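# Geometric and topological summary
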Amino acid sequence: MLFDEDVFQWEDIISREVRYSRFLVLGGAGSIGQAVVKELFKRNPLKLHVVDISENNLVELVRDVRSSIGYIDGDFRTFALDIQSKEFDQYCEEETGFDYVLNLSALKHVRSEKDPFTLMRMIQVNVLNTIKTLDWSIKHGVKKYFCVSTDKAANPVNMMVLPRESWNFFCLKSQSTFQFQPHDLPMLRFQMALCFMVFHKES
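Source: prediction; values computed, not measured.

The rules behind each value
Residue indices follow the written sequence of each chain, beginning from 1 at its first position. At least 70 in pLDDT is required for a residue's local features to be given in this predicted model, at least 80 for side-chain atom pairs to be given and counted, and no such filter applies to totals for whole chains, interfaces and linings, which use all residues. Each side-chain value is derived from all of the structure's non-hydrogen atoms; neither hydrogens nor water enter the calculation. Axis lines are fitted through C-alpha atoms, for helices just across the contact stretch, and the angle between N-to-C directions can take any value from 0 to 180 degrees. Helix and strand labels come from DSSP, where a helix needs a run of H or I of at least four residues and a strand needs a run of E of at least two; each type is numbered from the N terminus. Less than a right angle of anticlockwise turn of the near helix away from the far helix marks a crossing as left-handed, whereas a clockwise turn marks it as right-handed. Contact definition: two residues touch when any of their heavy atoms are within 4.5 Å. Note on residue categories: nonpolar means Ala, Val, Leu, Ile, Met, Phe, Trp, Tyr, Cys or Pro, charged means Asp, Glu, Lys or Arg, and polar means any other residue, Gly included. Side-chain atoms within 4.5 Å link the members of a nonpolar core, which is a set of buried Ala, Val, Leu, Ile, Met, Phe, Trp, Tyr and Cys residues. Type-normalised accessible area, obtained with a 1.4 Å probe on protein chains alone, sets the label of each residue: buried when under 20%, exposed when over 50%, and partly exposed for intermediate values. For two strands to be treated as a pair, DSSP must find at least two bridges joining them. By definition, the crossover connecting two strands over a helix is right-handed if that path, from the first strand to the second, turns clockwise as seen with the strands pointing away from the viewer. Residues adjacent in sequence count toward polar contacts only when both atoms are side-chain atoms; beyond that, a polar contact is any pair of N or O atoms within 3.5 Å, and within protein one must be able to donate a hydrogen and the other to accept it. The quantity called bend is, for any residue, the angle between two axes fitted respectively to the seven residues ending at it and the seven beginning at it.

### Topic: the packing of helix 2 (residues 31-41) against helix 3 (residues 55-68)
- Between helix 2 and helix 3, the least distance of the axes is 11 Å, while the angle of their chain directions is 35°. In the crossing of helix 2 with helix 3, the sense of the turn from one axis to the other is right-handed. Contacts between helix 2 and helix 3 involve Gln-34, Val-37, Lys-38 and Phe-41 from the first element and Asn-57, Leu-61, Asp-64, Val-65 and Arg-66 from the second.
- Partitioned by chemical class, the residues of the contact of helix 2 with helix 3 number 4 nonpolar, 2 polar and 3 charged.

Have a look at this one:
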């Protein structure tokens, strides 16, 4: 596995940080999300909540971690919610105290830009929902907000990657508004979305 040596070298620090932290994973039942949730789960966090719009994928995720890892002492729960829904808003009112928010939700395939309806959905998910959850994270004192991007967002050539580039631009332009520094907002390109990168603490 890529970065195995790095994970091994920093395993004690990573495990200790996870063990005493509370995590909210958005889009946690997708391909990247499930991999991240498993890495967190096996390190026994205090709290691990997973939000995803796909109920079926959440069920598969729970079955997978139960059969391969088992159970943890912390609060592990999944929620089949749409980030732009009123139900998610209510969840955010009742569930606070997270140390890390990992936003792994995204529409990321080229075919999603083929029609205007899915394209509007892409902008909602990739940009507006991200701004919404970032705002909530800052308001509630989240230590780190992690957002996964696409591998082409650095040089957008079509509407698939333009929403993510817009999001990256928003992050940089809103530093003074939200009073955060670039290192307070870890962002990683799509092909390198590995959960342990989030836990690095600045000296």
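### Looking at the nonpolar core
- Of all hydrophobic cores here, the largest spans 22 residues; its most connected members are Leu-40, Leu-48, Phe-76, Leu-102 and Leu-104.
- Contributing elements (two or more residues each) for this core: helix 1 (4-19), strand 1 (22-26), helix 2, strand 2 (47-52), helix 3, strand 4 (100-103) and strand 5 (144-148).
- The leading source of residues in this core is helix 2, at 5 residues.
- Val-51, Phe-88, Phe-98 and Tyr-145 belong to the second largest nonpolar core, which has 16 residues in total.

### Regarding the pairing of strand 1
- Most of strand 1 sits out of view: 4 of its 5 residues are buried.
- Across 5 bridges, the pairing between strand 1 and strand 2 is parallel. Bridge pairing links Arg-22 to Lys-47 in strand 2.
- A crossover connection joins strand 1 to the parallel strand 2 through helix 2; in handedness this β-α-β unit is right-handed.
- Sheet topology note: the strand 1/strand 4 ladder contains 4 bridges and is parallel. Bridge pairing in strand 4 places Phe-23 opposite Tyr-100.

### Digging into the side chain of Asn-103
- Among the secondary structure elements, Asn-103 is positioned in strand 4.
- We classify Asn-103 as buried; its relative accessible area is 1%.
- Polar contacts involving the side chain of Asn-103 include one to the side chain of Ser-105, which spans 2.7 Å.
- At a separation of 3.0 Å, a polar atom in the side chain of Asn-103 contacts the side chain of Tyr-145.

### Overview of helix 1
- Maximal helix bending in helix 1 amounts to about 70°, located at Trp-10.
- For helix 1, the full list of buried residues reads Val-7, Ile-14, Ser-15, Glu-17 and Val-18.

### Structural notes on the side chain of Asp-99
- Its location among the elements puts Asp-99 in the loop between helix 4 (86-94) and strand 4.
- Only 2.8 Å separates the side chain of Asp-99 from the backbone nitrogen of Arg-22, close enough to count as a polar contact.

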